[in-house]
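Letter by letter, the chains look like this.
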Amino acid sequence: VSERPPASHLRIGVRELVSHALRAGDLNLERLGSAFTSPVDAIRAHQKLQAARGDGYDPEVAVAYTVDGDGLELLITGRIDGVLTLPSGDVIIEEIKTTRGDIDALAEREEPTHWGQLEVYAFIYAEARNLETVTGRLTYYHLDTETVREVERSLSLAELRSRFDAIVDRYLRWAQRIAAWTLDRDRSVEAVEFPFDTYRPGQRSMAVSVYRTIEEGDQLVVQAPTGIGKTQAALFPAIKAVGKGLAEKIFYLTARTTGRGIAEGALDELHQRGLRLKSVTLTAKEKICFNPDKACNGEDCEFARGFYDRLDQALAELFDHDAFTRERVEEVARRHRVCPFELSLELARWAEVIIGDYNYVFDPRTHLRRFFDEGKRPFTFLVDEAHNLPDRARDMYSAELCKKDVLRVRRSVDKVLQPGLWKTLGALQRAFLSARPRFEEGGADPEPPTWLTPALRKWVGEVEGYLDRGPVPDAAHALVVELFFTASRFLRVAERFDERYVTVYDASRKDLRVRLFCTDPSEDVAQSFAKARASILFSATLTPFHFYQTTLGLDDELHRLALPSPFPKENLLVLVGERIATTFRRRDDTRAELTDWLRAFVSHKPGNYLIFFPSYAYLSSVREEFESEGEADTAGMEVLVQRPDMAEDERLDFLARFDVNPERPLVGFAVMGGFFGEGIDLVGERLDGVAIVGVGLPGLSPERDHMRDHFERTNGAGFDYAYAYPGMNRVLQAAGRLIRSDSDRGTVLLIDERFRQARYRRQLPPDWEPRYLEGVSDLEEALADFWAVETTM
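Residues numbered from 1 in each chain as written. Predicted model: local features only at pLDDT ≥ 70, side-chain atom pairs only at ≥ 80, totals over all residues. Heavy atoms only, no water.

Asks: What is the right way to read helix α23 (residues 587–603) from this model?
Replies: Helical periodicity: at 3.6 residues per turn, an α-helix aligns residues three or four positions apart in one direction. Taking 1.5 Å as the rise per residue, α23 with 17 residues should run 24 Å; its terminal C-alpha atoms sit 23 Å apart, in good agreement. Maximum bend of α23: about 30°, positioned at Glu593. Those residues of α23 that sit buried are Arg587, Thr590, Arg591, Leu594, Thr595, Trp597, Leu598, Arg599, Ala600, Phe601 and Val602. (Helix = DSSP H or I, 4+ residues; strand = E, 2+ residues; numbered from the N terminus. Expected span 1.5 Å × (residues − 1). Bend = angle between axes of the 7 residues up to and from the residue. Buried < 20%, exposed > 50% of the residue type's maximum accessible area, 1.4 Å probe, protein only.)

Here it is, written out as structure tokens:
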């Protein structure tokens, strides 16, 4: 049964209606208002005010109103914050807004959208009850000081009807286009077929499981090997679910830019089969911004100046297309002189598929509040390469602050023109200095940094007033804003500090750094998943399952699907050098022997090879030994080396060197978990072998040790959760670069004595048949046997 009304009927909330109809003027991302108010804080403030209103006050009054717009029925819904009926019979309609900014300036500014929202609510309420006059009360509440400002106006039904009609008429012009588009979309979704003549092995099973999961409103975890077409197996059934009314939007979430490109390609395949569906690719603000050195306000940036006056024209032009890619968004944004980042966010309102980074759903700083601050909605989350999400989630719910950043901003601020900023920055600097013994001692502290937060709150409060007074075109402005965001995030995390957190102190590199580290973000991630009807997580490496279920807060009753490799087993040779120790303490002792193994591995058959290491330092030391003079085995080889600071074009050039039938052997040195360790495709003879040195354990750190202690207390598997499982995931991802199609053939060499241990051995794929070798001669013999056999097709 479809859950969506027919296309000739549209439903919209009062807030969204008013926002669309009344936006005008400049874009100003530095005007605070409620921008830094969490939904929980706002709800508590509303409840506190509502409870204090006394008799005759009804909170959260649901309203609805239907408009017949020339064949289009528009249903407008919402909840009035409060309706107060006085003994005299007079009625007050209240709209509550929370802020951390300058409450007096906000009340005096008469924000059009605030009053517009109040007036729409007042009209719907008065019209239903035939009230000739009501009083509108706009109430502002400061979350930190608990200050309240109330602004009241007497509103007649006649003037309310006039303003309501004007708002609706403006929106209806756009709504008519949306209604027509929805009919075209639904017809195409119903008709579109799978974009290939046949399914790959396992692909149909995954697609069926995805659709059933969406239909039932559940969660699904899919572990499927690279090469079966996971992206299309997830997207195609999710799109069919949109056509059946089971989903309103699909969020395709990735950890890397390459993943976004693959999703765009899968949609293109369906568009070529006749699909009409809008998709938008969200690009990080710092990457897509036209003026990264300018402040986000109309005075400093031409693309913010008059943004809302030109936004509708840009939207209208883009809506002629179905794929709102980064390139297309940038092109139209330049032509209409609007901010490309904010334009892409606006497009997300009207796109059925939103492609972007994990943080747009899971990060409390950057999640799409317009979608996720109003409870559960009929959304589908498709989480690609989901093995990356646990570590990314820890970063999202952690925060840090450095003394050098405080000092840099203070040196830039004019203490005469901005005495408040200069003074509060001085207090912050003194707080760091008073805590120097903590930093010099280092390590992790289970207590929050209460020595810092009072001074930090004063600084943030001072900046809020500074920003609400309007942009200040001086050299310090950008630095002040940057530190403000960092400090606000730190305070937000500090408020959440509990047994899952630890404070890490670091005095290295001539700086003092304090970090609030979240060891276990599972509760927070679970709350994000709860905002969707269905969530599908998929990756080639989600072993062991209980690790991901625990660290991501997934449901106990979720569905699981593990698909075997569809490729011939005989096309992959897995070898293990079981006698070489690669632990940090033994690396110098075994470097020469390790290098002998690597030379033998890449010399046996001319071709392309990748060698992965757990760190750049280890990579560098072995590479030096590998290329030492006088070694005939490596003479004539071309060696490429990954650097930690490689730009995107350098990475692409690195991959482009892996060509079919190279003129001379090519060996790439890379790190596990980096750009080349996952998400790249070197199909066929572009890659003949992968060697992996070590079991991939993350480096020792106070954060990881605290994770180990936390999970040791909670489930008795501390070392596995903090080190072993993440490490082996990096190993398996690196190995997965090799076999990408049923015609690929190659060898994987694992080098570390620990691969014999049960905790690592049991994480190897069940379809692998590793051979454990003692010496280089065993390796050479195994390689000779493997490459002597013709390729299996």
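Asks: Can you walk me through the nonpolar core in this structure?
Replies: Across soluble globular proteins, nonpolar side chains have a tendency to be buried as a group. The biggest cluster of nonpolar side chains holds 144 residues, and the ones touching the most others in it are Ile76, Ile93, Phe251, Leu343, Phe381 and Trp459. Examining the composition of this core, we find that 12 residues originate from one element, helix α5 (residues 157–191), more than from any other. Sequence-distant contacts of Phe251, that is, excluding residues within four places in its chain, are made with Ile354, Val361, Leu368, Phe371, Phe372, Phe379, Thr380, Phe381 and Leu382. By size, the runner-up hydrophobic cluster in this structure holds 36 residues, among which are Val189, Phe194, Ala241 and Ile536. (Core = buried A, V, L, I, M, F, W, Y, C linked by side-chain atoms within 4.5 Å. Contact = heavy atoms within 4.5 Å.)

Asks: Would you mind showing me how to read unusual backbone geometry here?
Replies: Negative phi is the rule for most residues except glycine; trans is the rule for most peptide bonds. Here the bond from Thr543 into Pro544 is cis, since omega is -5°, no more than 30 degrees from zero. Residue position: Pro544 is located in the loop between β17 (532–539) and α22 (545–551). Phi is positive for Asn130, which is not a glycine, with a value near 55°. Along the chain, the position of Asn130 falls in the loop between α4 (112–129) and β5 (133–142). Owing to a relative accessible area of 58%, Asn130 belongs among the exposed residues under this scheme. Backbone geometry at Glu146 places phi at a positive 60°, although glycine is not the residue there. Counting through the fold element by element, Glu146 comes out in the loop between β5 and β6 (148–156).

Asks: Where do I start with the pattern of salt bridges in this structure?
Replies: Side-chain pairs of opposite charge can arise whenever the charged atoms involved come near each other. Across all of its chains, the model carries 59 salt bridges by this definition. Residue Asp705 pairs with Arg708 through a salt bridge whose shortest N-O separation is 3.4 Å. Taken together, the positions of Asp705 and Arg708, both in helix α26 (residues 702–715) and 3 residues apart, correspond to about one turn of that helix. Residue classification places Arg708 among the partly exposed residues on the basis of a relative accessible area of 29%. (Salt bridge = Lys/Arg side-chain N within 4 Å of Asp/Glu carboxyl O.)

Asks: For this particular structure, what's the right way to read helix α7 (residues 230–243)?
Replies: Under the 1.5 Å per step criterion, the end-to-end length of α7 is 21 Å for 14 residues, consistent within 8% with the ideal 20 Å. A large share of α7 lies buried, amounting to 12 of its 14 residues. Of all the positions in α7, only Lys230, Thr231, Gln232, Ala233, Ala234, Leu235, Phe236, Pro237, Ala238, Ile239, Ala241 and Val242 are classed as buried. Of the residues trailing α7, Gly245 is marked for its positive phi of about 80°.

Asks: Quick question: what am I supposed to make of the packing of aromatic side chains here?
Replies: Centre-to-centre distance and the angle between the planes together describe a pair of aromatic rings. For the structure on display, the rule yields 40 aromatic pairs. On the basis of an interplanar angle of 85° and a centroid distance of 5.8 Å, the ring pair of Phe251 and Phe381 is categorised as edge-to-face. Taken together, the residues Phe251 in strand β8 (residues 249–254) and Phe381 in strand β12 (residues 377–384) connect sequence positions 130 residues apart. The pair formed by Phe251 and Phe381 is uniform in burial state, with each residue classed as buried. Within the aromatic cluster, the residues linked to one another by ring pairs are Phe251, Phe362, Phe371, Phe379, Phe381 and Phe529. The cationic tip of Arg153 hangs over the ring face of Trp115; the distance from NZ or CZ to the ring centre is 3.9 Å. (Phe/Tyr/Trp six-rings, centres within 6.5 Å; stacked < 30°, edge-to-face > 60°. Lys NZ or Arg CZ within 6 Å of the ring centre and 35° of its normal.)

Asks: What is the right way to look at the packing of helix α6 (residues 203–216) against α7 in this model?
Replies: How two helices sit against one another is set out by the angle between their axes and by the gap between those axes. As a packed pair, α6 and α7 sit with axes 8 Å apart at the nearest point and diverge in direction by 35°. The chirality of how α6 crosses α7 is right-handed. Only Lys230, Gln232, Ala233, Ala234, Pro237, Ala238, Lys240 and Ala241 of α7 make contact with α6, whose side of the interface consists of Gln203, Met206, Ala207, Val210, Tyr211 and Ile214. Taken together, the residues of the contact of α6 with α7 sort by class into 10 nonpolar, 2 polar and 2 charged. (Axes fitted to C-alpha atoms, helices over the stretch in contact; angles between N-to-C directions. Left-handed = near helix turned anticlockwise from the far one by under 90°. Nonpolar A, V, L, I, M, F, W, Y, C, P; charged D, E, K, R; others polar.)

Asks: When you look at the sheet that holds strand β9 (residues 279–281) in this model, what are you seeing that I'm missing?
Replies: To summarise the sheet geometry, strands pair through backbone hydrogen bonds and adopt either a parallel or an antiparallel arrangement. With parallel pairing, 8 strands are arranged side by side in an open sheet as β10-β9-β11-β8-β12-β17-β7-β18. Pairing within the sheet leaves two strands with one partner each, and these edge strands are β10 (323–324) and β18 (559–562). With 5 bridges connecting them, strand β7 (residues 219–223) and β17 associate as parallel partners. Bridging from a neighbouring strand, Leu220 pairs with Ile536 of β17. Running over the sheet, α6 touches β7, β12, β17 and β18 and is turned about 155° from β17. With respect to the sheet, helix α12 (residues 340–348) is in contact with β8, β9, β10 and β11 (353–357), its orientation differing from that of β9 by roughly 150°. (Pairing = 2+ DSSP bridges.)

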